[in-house]
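# Structure assessment
Chain by chain, the residues run as shown.
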Amino acid sequence: MTTSAPLELPGYAHVYSGKVRDLYAPLDPATGEARADQLLLVASDRLSAFDFILDSPIPDKGAVLTQLSLWWFEQLEDLVPNHVVSTDVPAEVAGRAVLVRRLEMLPVECVARAYLTGGGLREYQADGTVSGVRLPEGLVDGSRLPEPVFTPSTKAPVGEHDQPMPYAAVEAEIGPDLAARVRDLTTAILARGNEIATERGILIADTKVEFGLDADGSVLLADEVLTPDSSRFWPADLWEPGHPQPSYDKEYVREWLTSPDSGWDKASGEAPPSLPGDVVERTRAKYVEAYERLTGRSFG
Ligand code: ATP
Ligand code: MG
């Protein structure tokens, strides 16, 4: 869902807009027809919080997400092939777009958790399990799990919440072989991600990845990977199990929206107000900081 009309890009046909990304099909220069085998994935500066797309964009967020995903795709290349074709994209979207192979996306949100919080914590407190996997006793909000656990969810239509999906339902949906493959890949991606991120001062509590099949039926990592939008990033030096951890990026946005300053009542169901300039700027700085810390590169 977009709040504004997607950009017109000569040579491309707009096909879909998600909460954050606008998708285009490249037009075949010979026939003028949309190509079926590729997509241009353009990451916008849109930010969602509390399931609303805010009307205040965060400058450079789309570029940070795109560059960070490209960097991670490279780090993970020996673990899993990915959808990237090229970063040769129209000048209007340079830096925040990538040309990818258009895949048949699997109808599963592949989530893995390395630390316990959120929905995983709630299930653990009720049943001692996450996604049906039994865990040791005595874990609290923010505890590190013995190893990453696969906790898939459904891909809800726009405007609805993703629902937890039992592993057996994933097997029923895509078959047992493919289910085992994406489960193992998802937990391996998070484990590798944390090996790299932890020594750079960031804990990746959990993450969501998406996989698709190419024409040969091979599984490819698609969409975005290990970004602050798809993952919970926690500052490693502030990690202290036993209470909610400060989130890396949307902290200021959530804090401000739920403070009296915003005048917004979360329970009202109404759209949140525009963000003040300093909240936008601090949020932008957090996205840039995550990119710079992880990659060791300076942004822009
Ligand atoms: P979510 O919250 O699940 O990420 P979204 O609405 O935020 O959903 P966006 O990230 O804004 O989604 O849009 C990206 C869309 O592009 C998703 O529907 C994703 O499944 C799809 N996608 C990503 N990579 C590919 C690919 N290689 N081939 C086909 N579709 C893809
Ligand atoms: Mg997405």
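Here's a quick rundown of the structure.

The rules we used
Residues numbered from 1 in each chain as written. Chains lettered and ligands numbered in written order. Predicted model: local features only at pLDDT ≥ 70, side-chain atom pairs only at ≥ 80, totals over all residues. Heavy atoms only, no water. Near = heavy atom within 4 Å. Polar contact = N/O pair within 3.5 Å; in protein donor to acceptor, adjacent residues only side chain to side chain. Areas by Shrake-Rupley, 256 points an atom, 1.4 Å probe, with all protein chains shown as cover. Helix = DSSP H or I, 4+ residues; strand = E, 2+ residues; numbered from the N terminus. Buried < 20%, exposed > 50% of the residue type's maximum accessible area, 1.4 Å probe, protein only. Arc of directions from axis to C-beta. Contact = heavy atoms within 4.5 Å. Pairing = 2+ DSSP bridges. Axes fitted to C-alpha atoms, helices over the stretch in contact; angles between N-to-C directions.

### Comments concerning the site of ligand 1
What surrounds ligand 1 is a group of 19 residues, the closest being Lys19, Val20, Arg21, Arg101 and Glu210. Within the contact set of ligand 1, an oxygen atom lies 2.7 Å away from a backbone nitrogen or oxygen of Arg21. A distance of 2.6 Å separates an oxygen atom of ligand 1 from a polar atom in the side chain of Glu210. Contact with the protein chains removes 85% of the 630 Å² of surface that ligand 1 exposes when unbound. Elements with a contribution of two residues or more to the shell around ligand 1: strand 2 (21-26), strand 7 (97-101) and strand 13 (202-213).

### Here's the deal with helix 5 (residues 251-258)
Among the residues of helix 5, Tyr252, Val253, Trp256 and Leu257 are the ones counted as buried. Here the buried residues of helix 5 occupy an arc of 125 degrees about the axis, which is enough to place them on one side. Structurally, helix 5 contributes buried residues whose contacts are with strand 4 (48-49) and helix 6 (277-295).

### Some thoughts on unusual backbone geometry
Positive phi, close to 75 degrees, is recorded for Asp60, a residue that is not glycine. Topologically, Asp60 is positioned in the loop between strand 5 (52-53) and helix 1 (61-75). Phi angles above zero are rare outside glycine, and Asp223 is one such case at about 55 degrees. Mapped onto the elements of the fold, Asp223 is located in the loop between strand 14 (219-222) and strand 15 (231-235).

### Some thoughts on the sheet that holds strand 2
Taken together, the five strands give an open sheet; going across it, the order is 1-2-3-7-6, and neighbouring strands pair in antiparallel fashion. The two strands at the open ends of the sheet, each matched to only one other strand, are strand 1 (12-17) and strand 6 (84-86). In this sheet, neighbouring strand axes are inclined to one another by 40 degrees on average, regardless of whether the strands run parallel or antiparallel. Pairing geometry for strand 6 and strand 7, over two bridges, is antiparallel. In the sheet register, Val84 faces strand 7, and the bridge partner there is Val100.

Structural measurements only, silent on function.
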